[in-house]
Amino acid sequence: PSPAEAAVVADLLAESADGALDDACSYVAGKVQIIAGRSQNMDVLNELRDLVAGYIDCEAVTIFLANPAQDRLEAWASTGLQWQEGLPVHHRCYGAHTDTGSPTARVWRNREILLMVNGQETPHTPSSWETTVDPNRDNILLAPLVNVTVGDDGEERAQAIGVIR
């Protein structure tokens, strides 16, 4: 195909993938509300982890949540998170302003979904990764967990409270 035809096909594929991802995220969001309504403890995060892993058919999932000060993301539930060897325990997190090259921190800051094909999105050396069975499946989807509230003025406010990777 010509470059113009290839561009049209690429746009159509991107729109299809975006629509499918929106549908999947809407379904999972609804299920999350049901799960959250049933439980008030760590089981909620483990159920959410398993729901995402099963519905999206991925090999690994980690849920990072913001700490109370909202200045770092900490891993709360994972199927097999690995940290860089020798990384001190107190550095096993993502800082809101210190990890500027980290895709995980960027998704949290910008509240935008990121798909990294073959893990080649950034030259950043990851401080953590998920253990997978198939080394050829290295596509990484990162989505922010957002809490939307309505203020006294009626305005909606969105705050990223975590990231699912």
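Preceding this section is the structure that the text describes.
Calculation notes
Along each chain, the written sequence defines residue order, and numbers are assigned to residues from 1. pLDDT decides what is reported in this predicted model: residues at 70 or higher carry local features, side-chain atom pairs at 80 or more are listed and counted, and totals for whole chains, interfaces and linings draw on all residues regardless. The side-chain values count all of the structure's non-hydrogen atoms but skip hydrogen atoms and water molecules. In the sections that follow, a salt bridge refers to a side-chain nitrogen of Lys or Arg positioned within 4 Å of a carboxyl oxygen of Asp or Glu. Relative accessibility decides the category of a residue: with a 1.4 Å probe and only protein chains considered, values under 20% of the type maximum give buried, values over 50% give exposed, and everything between is partly exposed. Only DSSP runs of H or I covering at least 4 residues are called helices, and only runs of E covering at least 2 are called strands; the numbering of each starts at the N terminus. The contact criterion used is simple: two residues touch if any of their non-hydrogen atoms lie within 4.5 Å. In protein, a polar contact means a hydrogen-donor-capable atom and an acceptor-capable atom, both N or O and within 3.5 Å, with residues adjacent in sequence counting only if both atoms are side-chain atoms; elsewhere, any N or O pair within 3.5 Å suffices. When DSSP finds two or more bridges between two strands, those strands count as paired.

## A few points about the pattern of salt bridges
Right, on to step 1. Inspection of every chain in the model, using the stated rule, returns 3 salt bridges.
Right, on to step 2. A salt bridge links Asp50 to Arg49; its shortest N-O distance comes to 2.9 Å.
Right, on to step 3. The closest approach of N and O atoms between Arg72 and Glu74, which form a salt bridge, is 3.0 Å.

## Comments concerning helix α3 (residues 103-110)
Right, on to step 1. Considered for burial, the residues of α3 that qualify are Pro103, Thr104, Ala105, Val107 and Trp108.
Right, on to step 2. At its buried positions, α3 is contacted by β1 (62-66), β2 (72-78), β4 (94-95), β5 (114-116), β7 (140-150) and β8 (156-164).
Right, on to step 3. The N-cap of α3, judged by a side-chain oxygen 3.2 Å from the amide nitrogen of Thr104 a few residues on, is Ser102.
Right, on to step 4. Where α3 terminates, the next one or two residues include Arg111, which has phi positive at roughly 55 degrees.

## Comments concerning the environment of Arg49
Right, on to step 1. For Arg49, the location among the structural elements is in helix α2 (residues 42-56).
Right, on to step 2. When its relative accessible area of 15% is taken as the criterion, Arg49 is described as buried.
Right, on to step 3. When neighbours within four sequence positions are excluded, Arg49 is seen to be in contact with Val61, Ile63, Ala77, Ser78 and Thr79.
Right, on to step 4. Side-chain polar atoms of Arg49 contact the side chain of Asn46, separated by 3.1 Å.
Right, on to step 5. Polar side-chain contacts of Arg49 include one of 3.4 Å to the backbone oxygen of Ser78.

## Quick notes on the pairing of β8
Right, on to step 1. Direction of pairing for β1 relative to β8: antiparallel, over a ladder of 3 bridges. For Leu65, the partnering residue across the bridge sits in β8 and is Gly162.
Right, on to step 2. Of the pairings in the sheet, the one linking β7 to β8 comprises 8 bridges and is antiparallel in character. Its bridge partner lying in β8, Val146 is registered against Ala160.
Right, on to step 3. The antiparallel pairing of β7 with β8 creates a hairpin that spans 5 residues between the two strands, and Gly154 there sits at a positive phi of about 85 degrees.

## Structural notes on the sheet that holds β5
Right, on to step 1. Ordered in space as β4-β2-β1-β8-β7-β5, the 6 strands form an open sheet in which the pairing is antiparallel. Single-partner strands in this sheet number two, and they are β4 and β5.

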